[in-house]
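# Coordinate analysis (summary)
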Protein chains: 2
Amino acid sequence: MSADELPSWRETTAKQSIVEFVAAVTDPDSPDFIPERDRIAVFDNDGTLWTEQPVYAQLVFALDRAAELGHPTSLEELHAGGMEALTKLVALTHAGITTEEFDALCRNWLASARHPRFGRPYPATVYQPMVELLGLLDRNGFTCWIFSGGGTDFMRSWTADGYGLPPHRVIGSVGETEFRVGDGGPELVKTAKVAIINDGPQKPSSIHRHVGQRPAVAAGNTDGDLAMLQWTAASPYRTLELIVHHTDGDREYAYDRDPILGSGTGQILAAAAEHKWTVIDMAADWAAIHPDA
Amino acid sequence: MSADELPSWRETTAKQSIVEFVAAVTDPDSPDFIPERDRIAVFDNDGTLWTEQPVYAQLVFALDRAAELGHPTSLEELHAGGMEALTKLVALTHAGITTEEFDALCRNWLASARHPRFGRPYPATVYQPMVELLGLLDRNGFTCWIFSGGGTDFMRSWTADGYGLPPHRVIGSVGETEFRVGDGGPELVKTAKVAIINDGPQKPSSIHRHVGQRPAVAAGNTDGDLAMLQWTAASPYRTLELIVHHTDGDREYAYDRDPILGSGTGQILAAAAEHKWTVIDMAADWAAIHPDA
């Protein structure tokens with residue numbers, strides 16, 4: 001492995017733990033060797049692979065679309081209305097259209113929307129060091145998957161370009177779809193019925209359903225990712241657990257609480273200390289946050 | 001493509017339609033060319049890739065396990081009890097154990113159980129011509145998936161060996177699993193709550209959720225596969241729809257009704273006639289049914 005496969009990582013223990021792990025599990029003579037078919041890596045998305053502050057991109061999309069549909073609502077009203085208001089917003093903006101129409105809406109929105117602080121399209125707020133990590137793992141025979149609380153269809157509209165991941169390896173929360181043979185032929189219509197909220201203990205269940213193998217690498221950033229990291233850590237193979245810790249208020253955001261759902265980092269940081277998982281200190285460990293403009 | 005890549009297929013129009021389709025969609029100079037990333041093929045399992053008569057292997061497994069657990073029941077009692085009895089049997093035999101325990105149970109059972117007529121293990125009742133087709137598609141850049149009404153976990157215990165498909169490409173009906181940190185560490189426990197019955201119009205929804213792309217090839221054998229074939233046929237690409245028609249009472253079984261769930265073939269054969277889909281006449285088109293003993 002050449003040293004500059006992770007050029008946006010500083011030469012700290014976080015990078016060393018990754019480089020050493022990959023070298024060990026891909027070396028057929030190492031006791032830690034993992035056969036290629038079992039090299040599964042799972043990543044949370046929001047706050048782990050891209051910026052989630054100040055407001056999730058998908059929520060901004062929903063608010064923009066609600067306004068377009070003649071039902072404008074503000075973030076403040078949404079906060080005040082709690083889960084009921086959020087459910088109504090999702091039903092209004094994510095249902096009653098075909099999967100293909102929704103995909104086109106997402107792509108259009110992503111092409112024009114800009115992050116309020118960084119002034120760039122949301123897909124350009126991916127974390128450059130994590131994109132390099134995805135590439136490093138891929139070149140070393142790992143199959144990388146996303147297991148996120150975000151909507152599957154929303155993510156898939158940009159993750160192929162953003163991370164180079166095929167749609168089937170991007171799994172999030174999902175609503176039921178309904179098959180019907182309409183005027184335009186067979187189509188799938190998105191409904192307001194939520195099938196899976198892919199957070200917390202649901203993540204290992206989703207990994208079992210979608211992958212059917214236990215991961216050897218897992219990365220997250222909040223307590224909502226704890227179960228996924230625990231499930232990974234209990235593999236019979238040597239494993240690597242990564243926690244992206246948001247310590248960089250200058251270059252990104254410094255916080256220990258998820259901006260909307262309120263999930264904290266207390267449990268996952270405690271587990272990291274107990275099990276010697278790798279905590280990535282964004283301010284100290286990353287030479288760059290986002291890709292060059 | 002060498003002619004003997006499908007040696008168990010007779011030189012009939014069914015084989016010709018497959019060979020001609022694959023040649024056209026993989027030829028970059030053809031108007032029918034499909035880029036490799038979009039070469040998705042989906043297959044039903046029971047009755048399409050392996051023998052489902054006289055009784056689904058998974059149901060025999062459940063009856064055997066119920067007897068082992070001290071609750072013997074017969075196929076006749078099950079028929080008389082309808083869906084309620086079936087649900088009880090599934091809860092008894094498929095829930096309350098971890099995913100790893102269940103996998104071990106399936107593997108043990110499959111190693112000892114024998115098909116009542118053919119006297120061979122159930123995984124040796126795969127259709128040799130279809131196994132050859134999976135291989136042909138794979139070598140031509142297709143990604144093959146199973147979307148079956150059978151249980152995902154039961155199928156995955158043998159489909160890697162049986163068809164060479166990794167677990168994530170074998171999708172069936174699923175029960176909820178519950179993540180818990182037990183005495184033996186983190187584990188997933190199978191519950192009696194059915195999450196998905198993967199039949200009929202659910203198949204396109206499951207394909208959207210698990211693949212996120214529209215297939216170019218689809219194969220099934222009953223009306224429960226119609227929606228999957230319709231969804232495939234509506235792709236903007238040239239597509240291939242295959243229906244395995246059970247016409248061979250001598251070498252296998254001749255029937256037009258699914259043995260347990262009662263799904264027929266009337267709708268799918270009518271659609272095949274209307275849209276010129278390829279109907280595989282097992283007696284006429286296949287030189288062999290099962291692999292050599």
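Residues numbered from 1 in each chain as written. Chains lettered and ligands numbered in written order. Predicted model: local features only at pLDDT ≥ 70, side-chain atom pairs only at ≥ 80, totals over all residues.

## Examining the overall build of chain A
For the record, the criterion: Numbering of helices and strands runs from the N terminus, with a helix taken as a DSSP run of H or I at least four residues long and a strand as a DSSP run of E at least two residues long. Only the C-alpha atoms count toward the radius of gyration. The rule for a globule is 2.2 Å times the residue count to the power 0.38. Note on burial: count the other C-beta atoms lying within 10 Å of the residue's C-beta; 20 or more is buried, 12 or fewer is exposed, in between is partly exposed, and C-beta positions come from the backbone. In this description, a residue-residue contact is defined by the distance between C-beta atoms placed from the backbone, which must lie within 7 Å.
When its secondary structure is counted, chain A shows 10 helices and 7 strands. Since a compact globule built from 293 residues should have a radius of gyration of about 19 Å, the 19 Å found for chain A is in line with a globular shape. Based on the C-alpha atoms only, the size of chain A along its principal axes is roughly 60 × 45 × 35 Å. Put simply, chain A has 293 residues, and 45% of those count as buried. In chain A, 66% of the contacts between residues at least 6 apart in sequence involve partners at least 24 apart.

## Concerning the relation of the copies chain B and chain A
Heads up, the rule is: Least squares is the method used to superpose the copies, on C-alpha atoms of residues holding a pLDDT of at least 70 in both.
Rotating chain B by 180° about the axis while translating it 0.0 Å along that axis superimposes it on chain A, leaving an RMSD of 0.0 Å. Within this description, the copies of the chain are treated as partners about a two-fold rotation axis. Rotation axis and chain B: the residue whose C-alpha lies nearest the axis is B:His210, separated from it by 3.4 Å. Interface overlap between copies: 100% of the residues of chain B at the interface are likewise at the interface in chain A, consistent with a symmetric, same-surface contact.

## Here we look at helix α3 (residues 75-94) of chain A
Residues and elements named next belong to chain A. Formally: Helix span, as expected, comes to 1.5 Å for every residue beyond the first. A residue's bend is simply the angle between two axes: one fitted to the seven residues ending at it, one to the seven starting at it.
In this model, α3 (20 residues) spans only 17 Å end to end at C-alpha, well below the 28 Å of a helix rising 1.5 Å per residue. Along α3, the sharpest kink reaches roughly 125°, centred on Gly82. Buried within α3 are the following residues: Leu89, Thr93 and His94. Residues of α3 that are buried in the fold lie against α2 (57-68), β2 (143-151), β3 (170-182) and β4 (185-196).

## Brief notes about the interface of chain B and chain A
The condition is simple: Only Asp, Glu, Lys and Arg are considered charged in this grouping, and only Ala, Val, Leu, Ile, Met, Phe, Trp, Tyr, Cys and Pro are considered nonpolar; every other residue, Gly among them, is considered polar.
Taken residue by residue, the interface counts 27 residues in chain B and 27 residues in chain A. Those elements giving two or more residues to the side of chain B that touches chain A turn out to be α6 (152-163), β3 (170-182), β4 (185-196), α7 (202-210) and α8 (226-233) of chain B. If you tally residues by element for the side of chain B that touches chain A, the top one is α7(B), at 5 residues. Here the side of chain B that touches chain A is composed, by residue class, of 13 nonpolar, 11 polar and 3 charged.

## So, the sheet that holds β2(A)
Residue and element names in this part refer to chain A. Where we set the bar: For two strands to be treated as a pair, DSSP must find at least two bridges joining them. Between the N-to-C directions of two axes lies an angle of 0 to 180 degrees, each axis being a line fitted to C-alpha atoms and, for a helix, fitted only over the stretch in contact.
Taken in spatial order, the 7 strands of this open sheet run β4-β3-β2-β1-β5-β6-β7, and their pairing is mixed. Looking at strand neighbours, the two that pair on one side only are β4 and β7 (278-281), the edges of this open sheet. Averaged over neighbouring strand pairs, the angle between their axes works out to 30° when direction is ignored. Sheet analysis places β3 next to β4, joined by 8 bridges and oriented antiparallel.

## Some remarks on the pairing of strand β6 (residues 240-245) of chain B
Residues and elements named next belong to chain B. Note the following rule: By definition, the crossover connecting two strands over a helix is right-handed if that path, from the first strand to the second, turns clockwise as seen with the strands pointing away from the viewer.
Here β6 lies mainly inside the structure; 6 of its 6 residues are buried. Side chains of β6 alternate between two faces, with Leu240, Leu242 and Val244 and Glu241, Ile243 and His245 buried alike. With 4 bridges joining them, strand β5 (residues 217-220) and β6 adopt parallel strand pairing. Note that in β6 the partner of Val217 across the bridge is Leu240. Note that the unit made of β5, α8 and β6 has a crossover that is right-handed. Bridge analysis of β6 against strand β7 (residues 278-281) gives 4 bridges, and the strand direction is parallel. Residue pairing in the sheet places Val244 in a bridge with Ile280 of β7.

## Concerning the packing of helix α8 (residues 226-233) of chain A against helix α9 (residues 266-275) of chain A
When two helices pack together, their arrangement is given by the angle between the helix axes and the distance between those axes. Residue and element names in this part refer to chain A. Where we set the bar: When an angle is under 35 degrees it counts as roughly parallel; over 145 it counts as roughly antiparallel; between 65 and 115 it counts as roughly perpendicular; any other value is oblique. Two helices crossing with the near one rotated counterclockwise from the far one by less than a right angle form a left-handed crossing, whereas a clockwise rotation gives a right-handed crossing.
Interaxial distance between α8 and α9 falls to 10 Å at its minimum, and their mutual angle equals 20°. The pairing of α8 with α9 is recorded here as roughly parallel in orientation. Seen from above, α8 lies across α9 with left-handed handedness. Together, Leu226, Leu229 and Ala233 of α8 and Gln267, Ile268, Ala271 and His275 of α9 make up the contact between the two elements. Residue classes in the contact of α8 with α9 are distributed as 5 nonpolar, 2 polar and no charged.

## Digging into the environment of A:Glu252
Residue and element names in this part refer to chain A. As for its position among the elements, Glu252 is in the loop between β6 (240-245) and α9. What makes Glu252 buried here is the crowd of 22 C-beta atoms within 10 Å. In this structure the C-alpha to C-alpha distance between Glu252 and Asp29, which are 223 residues apart in sequence, comes to 41 Å. Apart from residues no more than four positions distant in its own chain, Glu252 is found in contact with Thr51, His246, Met282 and Ile289.

## Some words on the sheet that holds β4(B)
All names here are of chain B. An order of β4-β3-β2-β1-β5-β6-β7 is seen for the 7 strands of this open sheet, with the pairing classed as mixed. Each edge of the open sheet carries a strand with a single partner, namely β4 and β7. Within the sheet, the average angular offset between the axes of one strand and its neighbour, ignoring direction, is 30°. Two elements, strand β1 (residues 40-43) and strand β2 (residues 143-151), share 4 bridges in a ladder whose sense is parallel. What sits directly across from Val42, in β2, is Trp145. Of the strands in this sheet, β1, β2, β5 and β6 are in contact with α8, which crosses β5 at around 165°.

## Regarding the environment of B:Pro123
All names here are of chain B. For Pro123, the position within the fold is in the loop between α4 (99-112) and α5 (128-139). Exposure remark for Pro123: the 19 C-beta atoms within 10 Å place this residue in the partly exposed category. For the pair formed by Pro123 and Ile243, sequence separation is 120 residues and the distance between their alpha carbons is 21 Å. Excluding residues within four positions of it along the chain, Pro123 makes contact with Leu110, Trp158, Asp161 and Gly162.

## A few points about α6(B)
Burial analysis of α6(B) places 10 of its 12 residues in the buried class, which makes it a mostly covered element. All of the buried residues along α6(B) are B:Thr152, B:Asp153, B:Phe154, B:Met155, B:Arg156, B:Ser157, B:Trp158, B:Thr159, B:Gly162 and B:Tyr163. In this structure, the buried side of α6(B) is in contact with α7 (202-210) of chain A together with α2 (57-68), α4, α5, β2 and β3 of chain B. One or two residues past the end of α6(B) sits B:Gly164, with phi positive at roughly 75°.

## Remarks on the environment of A:Asp103
Residue and element names in this part refer to chain A. Here Asp103 lies in helix α4 (residues 99-112). Since 16 C-beta atoms lie within 10 Å of it, Asp103 is described here as partly exposed. Through-space distance from the C-alpha of Asp103 to that of Tyr163 is 17 Å; in sequence the pair is 60 residues apart. Apart from residues lying up to four places away in sequence, Asp103 is in contact with Asp153 and Ser157.

## A short note on the confidence of the model for chain A
Filter applied, for reference: A score from 0 to 100, pLDDT tells how confident the predictor is in each residue.
With 98% of its residues at a pLDDT of at least 70, chain A reaches an overall mean of 96. The complex model carries a pTM of 0.97, and its ipTM stands at 0.96.

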